[in-house]
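So the chains spell out like this:
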Amino acid sequence: MHIIATHINYFHLCHRKLWLFANGITMEHTSDTVYEGKLIGETTYPQRAEKYTELEIGGSKIDFYDAKSKVVHEIKKSNKAEEAHEWQVKYYLLLLKKNGIEGATGILEYPRLRETKEVVLTDSDESHLNAVINEIANIVDHVCPPVIHAKICKGCSYYDFCYATEP
Ligand code: SF4
């Protein structure tokens, strides 16, 4: 299968979410969530479109890439799933490296919280990501993982789908 950054993000959030997305099951507003960061970015920083490039790499799209200083800017609404966000950015850094752009770094931005976090790719991150890529293919090829009953479910676009049959 062809891995994209969304798979990496969902792997670190919920394996069921990853499975549903990878098997083409999307809820009507799922795509809105995917573009949410971009919309927040464009309304918060209207000047960005001129300064940064939208980069398509390995089938994944980096909304704001500063080619001059080799910095990936990823804008998110909330930091509730920060670990998943970080791995998404690290995956972008790995894609850049595989395409000959060494030493790129990332910045996670939460404009609504006025917070930023720097993201770098270490050797052990690379090993982790390579293992995750294999694991994703394995999860997607097997039966749909169970509902995780976690806090994040409430904000998930698959909430109704996952809990429709629960009392
Ligand atoms: S609602 Fe919960 S269990 Fe279902 S896909 Fe989303 S995070 Fe996973």
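Each remark here, short or long, concerns the structure printed above.
Below is a summary of the structure that appears in this document. (Residues numbered from 1 in each chain as written. Predicted model: local features only at pLDDT ≥ 70, side-chain atom pairs only at ≥ 80, totals over all residues. Heavy atoms only, no water.)

So, on to empty space enclosed by the protein. This structure, assessed with the given rule, holds one cavity of 30 Å³ or more. The space that makes up the largest cavity amounts to roughly 100 Å³. Lining of the largest cavity is provided by Cys14, Arg16, Lys17, Val147, Ile148, Ile152, Cys153, Cys156, Tyr158, Tyr159, Cys162 and Tyr163. Sorting the residues of the lining of the largest cavity by element identifies α2 (15–22) and α7 (159–163) as the ones contributing at least two each. No other element matches the three residues that α7 contributes to the lining of the largest cavity. (1 Å grid on protein atoms, 1.4 Å probe; cavity = no way out; pocket = protein on both sides within 12 Å on 5 of 7 lines; lining within 4 Å. Points joined across faces, edges and corners; volume = space filled by probe spheres on them. Helix = DSSP H or I, 4+ residues; strand = E, 2+ residues; numbered from the N terminus.)

With that settled, the discussion passes to the pairing of strand β1 (residues 53–57). Summarising the sheet, β1 and strand β2 (residues 60–66) pair through four bridges and their orientation is antiparallel. For Thr53, the partnering residue across the bridge sits in β2 and is Tyr65. Here β1 folds back onto β2, and the loop between the two strands holds two residues, one of which, Gly58, carries a positive phi near 55°. (Pairing = 2+ DSSP bridges.)

Below, the discussion takes up the side chain of Lys90. One can find Lys90 in helix α5 (residues 82–98). Sequence-distant contacts of Lys90, that is, excluding residues within four places in its chain, are made with Val119, Val120, Leu121, Asp125 and Leu129. (Contact = heavy atoms within 4.5 Å.)

Moving on to the pattern of salt bridges. By the definition in use, this model includes six salt bridges. For Lys117, the salt bridge goes to Glu86, with nearest N and O atoms at 2.9 Å. Taken as a pair, Lys117 in strand β5 (residues 115–119) and Glu86 in helix α5 lie far apart in primary sequence, 31 residues in all. Salt bridges here are not isolated pairs; linked through shared partners, they connect Glu82, Glu86 and Lys117. (Salt bridge = Lys/Arg side-chain N within 4 Å of Asp/Glu carboxyl O.)

In terms of burial, β2 is a largely internal element, six of the seven residues being buried. Where β2 folds back onto strand β3 (residues 71–75) in an antiparallel hairpin, the turn is made up of four residues, including Lys70, whose phi is positive at roughly 55°. (Buried < 20%, exposed > 50% of the residue type's maximum accessible area, 1.4 Å probe, protein only.)

Considering all chains together, one arrives at two aromatic pairs under this definition. Arranged with centres 5.3 Å apart and planes meeting at 80°, the rings of Tyr10 and Phe21 form a pair that is edge-to-face. Of the two residues, Tyr10 sits in helix α1 (residues 5–13) while Phe21 sits in helix α2, which places them 11 residues apart along the sequence. Classification of Tyr10 as buried rests on a relative accessible area of 7%. The side chain of Lys17 reaches across the aromatic face of Tyr10, ending 4.7 Å from its centre. The cationic tip of Lys90 hangs over the ring face of Trp87; the distance from NZ or CZ to the ring centre is 5.4 Å. (Phe/Tyr/Trp six-rings, centres within 6.5 Å; stacked < 30°, edge-to-face > 60°. Lys NZ or Arg CZ within 6 Å of the ring centre and 35° of its normal.)

Although it is not a glycine, Lys70 sits at a positive phi angle of roughly 55°. Its location among the elements puts Lys70 in the loop between β2 and β3. Lys70 gets classed as partly exposed once you look at its relative accessible area, which sits at 32%.

In this section: the site of the ligand. If you check the shell around the ligand, you find Cys14, Arg16, Lys17, Val147, Ile148, Ile152, Cys153, Cys156, Tyr158, Tyr159, Cys162 and Tyr163 and nothing else. Residue assignment for the shell around the ligand shows that the elements contributing at least two residues are α2 and α7. For the shell around the ligand, the element with the most residues is α7, which contributes three residues. Tallied by class, the residues present in the shell around the ligand amount to 10 nonpolar, no polar and two charged. (Near = heavy atom within 4 Å. Nonpolar A, V, L, I, M, F, W, Y, C, P; charged D, E, K, R; others polar.)

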